[in-house]
Amino acid sequence: MSPQGGLHAFPEPVDRLVRELERLPGIGRRTATRLAFHILKDDGGHSQSLADAIRDVKEQVSCCSTCYQLTDVDPCRLCSDPKRDASTVLVIEQPGDLMTFEATGMYRGIYHVLAGRIDPLAGIGPDDLTVQSFLDRVDDPARNARGIRIEEVILGLNPNLEGDSTTLYLAEALEQRDVRVTRLARGLPSGSQLEFANTAIIADALHGRQGLAGSGDSSA
Ligand SMILES: [Zn+2]
């Protein structure tokens, strides 16, 4: 039973593990096979702790019912933290973007995770995202963290085509609402992804955010 064998099939459980690993993003057949054999050879308990971690993450982690970031308590620790400014909400695409902004250490507001972006070519519209929950938070303080009214919305989507059309959609939806709307400053290269930008650029983009929807410039 050698990973280099190739011609004869592995035992069924090994085959199954390879197929499951191969379904992960960025993992091809070769890597999946290498990982499967690493797990198979392990006798230090790592494979068991890996299996436990996978089970626990599915059982214990869910989305915050207010901001939709990943959390093991609801509301999440940011939404319930009295030191965070719950009147300022930064709208982002994915939970991973939250880490990007938190890494700057300069943002004191809270978040709203859209769980994607509007992408008509991929058939993704506002109803496939958490847009309505977000507008409910703006309209009704009881739906926002700690019952506090939202005064500023910062649109922190990726500076690419889909991010820009999502920003436009939200700006229009917010136009008639009594809330200041800003977007990140244009220091980010067009077409880039926030998660790959460095901390200083993100901090600048946040600090220099600009008014939208006739809401005037922000005093960040
Ligand atoms: Zn939350």
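Every value quoted in this text rests on a predicted model; they were computed, and no experiment measured them. (Residues numbered from 1 in each chain as written. Predicted model: local features only at pLDDT ≥ 70, side-chain atom pairs only at ≥ 80, totals over all residues. Heavy atoms only, no water.)

Peer 1: Tell me about the domain arrangement of the protein chain, and please be specific about residues and values.
Peer 2: When the parts of a complex come together, some accessible area is lost, and that lost area is often used as the size of the interface. Domain parsing of the protein chain yields domain 1 (12-60) and domain 2 (70-212). With centres defined by C-alpha atoms, the gap from domain 1 to domain 2 works out at 34 Å. (Domains from an automatic or database assignment.)

Peer 1: Describe in detail the side chain of Asp 119, supporting the description with residues and values.
Peer 2: If you trace the backbone, Asp 119 turns up in the loop between strand E4 (109-113) and helix H5 (131-139). Not counting residues within four places of it along the chain, the set of residues in contact with Asp 119 comprises Ile 124 and Glu 162. (Helix = DSSP H or I, 4+ residues; strand = E, 2+ residues; numbered from the N terminus. Contact = heavy atoms within 4.5 Å.)

Peer 1: Go over the coordination of the zinc ion with me, naming the residues and quoting the values.
Peer 2: Taken together, the protein ligands of the zinc ion are Cys 64 (SG), Cys 67 (SG), Cys 76 (SG) and Cys 79 (SG), with distances of 2.3 Å. Coordination at the zinc ion is tetrahedral: its four donor atoms span angles of 106 to 114 degrees at the metal. In the primary structure, the donors to the zinc ion are separated according to the pattern C-x2-C-x8-C-x2-C. Summarising the burial analysis for this pair, Cys 67 and Cys 76 share the class buried. (Donors = N, O, S within 2.8 Å, 3.2 Å for Na, K, Ca; no water. Tetrahedral: all angles 85-135°; square planar, octahedral: opposite > 155°, others 65-115°. Buried < 20%, exposed > 50% of the residue type's maximum accessible area, 1.4 Å probe, protein only.)

Peer 1: Can you break down a nonpolar patch on the surface residue by residue, with the values?
Peer 2: Residues Val 57, Val 61 and Leu 70 make up a contiguous nonpolar surface patch of roughly 230 Å² in combined accessible area. Tracing the chain through its elements places Val 61 in the loop between helix H3 (46-60) and strand E1 (62-63). (Patch = residues over 30% accessible without salt bridge, like charges linked within 9 Å, V, L, I, M, F, W, Y side chains within 5 Å. Areas by Shrake-Rupley, 256 points an atom, 1.4 Å probe, with all protein chains shown as cover. Salt bridge = Lys/Arg side-chain N within 4 Å of Asp/Glu carboxyl O.)

Peer 1: Any details on the pairing of strand E6 (residues 180-183)? Residues and values, ideally.
Peer 2: Pairing analysis gives four bridges linking strand E5 (residues 152-155) to E6, with the strands arranged parallel. Bridging from a neighbouring strand, Leu 155 pairs with Arg 183 of E6. For the segment spanning E5, helix H6 (residues 161-175) and E6, crossover handedness is right-handed. As paired strands, E6 and strand E7 (residues 210-212) are joined by three bridges and run antiparallel to one another. Within E7, the position partnered with Arg 183 by the bridge is Gln 210. (Pairing = 2+ DSSP bridges. Right-handed = clockwise from strand over helix to strand, strands pointing away.)

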